[in-house]
Amino acid sequence: ELGRLGASLACLPDIYALLEEARSKVLSRELPELLAWPDDLLEDVGARLAEQLADEPPPHTREGGIFRRGADEELDDLIDLCEGGRASILNMETELRERTGISSLKVRYNKVFGYFIEVTKSNLGSVPPDFVRKQTLVNCERFVTDELAEHESRVLGAQERRHGLEQQLFDKLRAEIAEHAARLTAIAEQIAQLDVLAGLAQAAERHDYVRPEVEDGGIIEILEGRHPVVERAM
């Protein structure tokens, strides 16, 4: 919802430009108050949402990925760690290859076994004693070390801290935006009225409708009347 709000606020300058163009063409009579566009286009609220939220925020806070990179330094660090600390894993893999002499050694991850070191059967003779066997497959074996187990523990802890921090930051942002509720409501009401009236005006122009004369009497007199719904259906 906050993401959609930010996208809507980003459209306001274009709408404002269209209204200014329309106002410039009307010289003979006073414009209705509806077209007296306010000076406040909520640029500050729109900018705040744009700098904080990801381009495609998730529908629920529990999914994570609410904020863009740079919104919060601590959150960026936790995200890096949650995503496997790719740089640290690559460094660890390089160090293990150099230490064991096994060029095909890989550090992998899956949801069942967590982090593990994968060594092909042909290289098992080069496995050092601190490698603890975790799983045997047809073509390879999987091991774990104290260092890798420590890394996995840090990642799992980071995930919990990340979710907690994201929820805190989201609650803070939501409260911050709520402080501008009166400004948002005012411009939303004006946009809604313009939207309805523009739709009616477009229909009148497209289908050649004529504005009726409304009087205080109790008689309705219709000449060459047309029913909009029936006419469209036919």
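Provided above is the structure to which this section pertains.
Residues numbered from 1 in each chain as written. Predicted model: local features only at pLDDT ≥ 70, side-chain atom pairs only at ≥ 80, totals over all residues. Heavy atoms only, no water.

A.B. asks: Help me understand a nonpolar patch on the surface, please; the structure alone is not making it clear to me.
C.D. replies: On the surface, Val196, Leu197 and Leu200 cluster together to form a nonpolar patch covering roughly 300 Å² of accessible area. By the secondary structure assignment, Leu200 is in helix 6 (residues 181-207). Here Leu200 falls in the exposed class, since its relative accessible area comes to 55%. (Patch = residues over 30% accessible without salt bridge, like charges linked within 9 Å, V, L, I, M, F, W, Y side chains within 5 Å. Areas by Shrake-Rupley, 256 points an atom, 1.4 Å probe, with all protein chains shown as cover. Salt bridge = Lys/Arg side-chain N within 4 Å of Asp/Glu carboxyl O. Helix = DSSP H or I, 4+ residues; strand = E, 2+ residues; numbered from the N terminus. Buried < 20%, exposed > 50% of the residue type's maximum accessible area, 1.4 Å probe, protein only.)

A.B. asks: Mind showing me how you'd approach the nonpolar core here?
C.D. replies: Where a protein is soluble and globular, its nonpolar side chains tend to be buried together. The biggest cluster of nonpolar side chains holds 44 residues, and the ones touching the most others in it are Leu49, Phe67, Leu105, Ile117 and Leu148. Elements with a minimum of two residues in this core: helix 1 (2-24), helix 2 (43-52), helix 3 (73-82), helix 4 (86-100), strand 2 (114-120), strand 4 (140-144), helix 5 (146-178) and helix 6. Ignoring any residue separated from it by four or fewer positions in sequence, one finds Phe67 in contact with Gln52, Leu53, Ala54, Leu75, Glu166, Leu169, Phe170 and Leu173. (Core = buried A, V, L, I, M, F, W, Y, C linked by side-chain atoms within 4.5 Å. Contact = heavy atoms within 4.5 Å.)

A.B. asks: Explain unusual backbone geometry to me, please; I cannot follow it from the model alone.
C.D. replies: Notably, Leu42 is not glycine yet its phi reads approximately 55°, a positive angle. Tracing the sequence through the fold places Leu42 in the loop between helix 1 and helix 2.

A.B. asks: Quick question: what am I supposed to make of helix 1 here?
C.D. replies: Note on helix geometry: an α-helix contains 3.6 residues per turn, so any two residues three or four positions apart are oriented the same way. Its 23 residues place the ends of helix 1 34 Å apart at the C-alpha level, agreeing with the 33 Å of an ideal helix rising 1.5 Å per residue. Maximal helix bending in helix 1 amounts to about 30°, located at Leu12; proline Pro13 follows within four positions. Looking only at helix 1, the buried set comprises Leu2, Gly6, Leu9, Leu12 and Leu19. (Expected span 1.5 Å × (residues − 1). Bend = angle between axes of the 7 residues up to and from the residue.)

A.B. asks: I would appreciate a short explanation of helix 6 in the present structure.
C.D. replies: Relative to the 39 Å expected for 27 residues at 1.5 Å per residue, helix 6 spans 39 Å between its end C-alpha atoms, a close match to the ideal helical length. Considered for burial, the residues of helix 6 that qualify are Leu184, Ile187, Gln190 and Leu194. At its buried positions, helix 6 is contacted by helix 1 and helix 5.

A.B. asks: Mind showing me how you'd approach the sheet that holds strand 3 (residues 132-136) here?
C.D. replies: In a beta sheet, neighbouring strands pair by backbone hydrogen bonds and run either parallel or antiparallel. Reading across the sheet, the 4 strands line up as 1-2-4-3 and stay open at both edges, with antiparallel pairing between neighbours. Only two strands of the sheet have a single partner each, and these edge strands are strand 1 (106-110) and strand 3. When the angles between neighbouring strand axes are averaged without regard to direction, this sheet yields 40°. Where strand 2 and strand 4 come together, 4 bridges link them in antiparallel fashion. Of the residues in strand 4, the one forming a bridge with Thr120 is Cys140. In this fold helix 5 packs onto strand 1, strand 2 and strand 4, with an angle of close to 150° to the strand it touches most, strand 2. (Pairing = 2+ DSSP bridges. Axes fitted to C-alpha atoms, helices over the stretch in contact; angles between N-to-C directions.)

Geometric descriptors of this kind do not, in isolation, establish any biological role.
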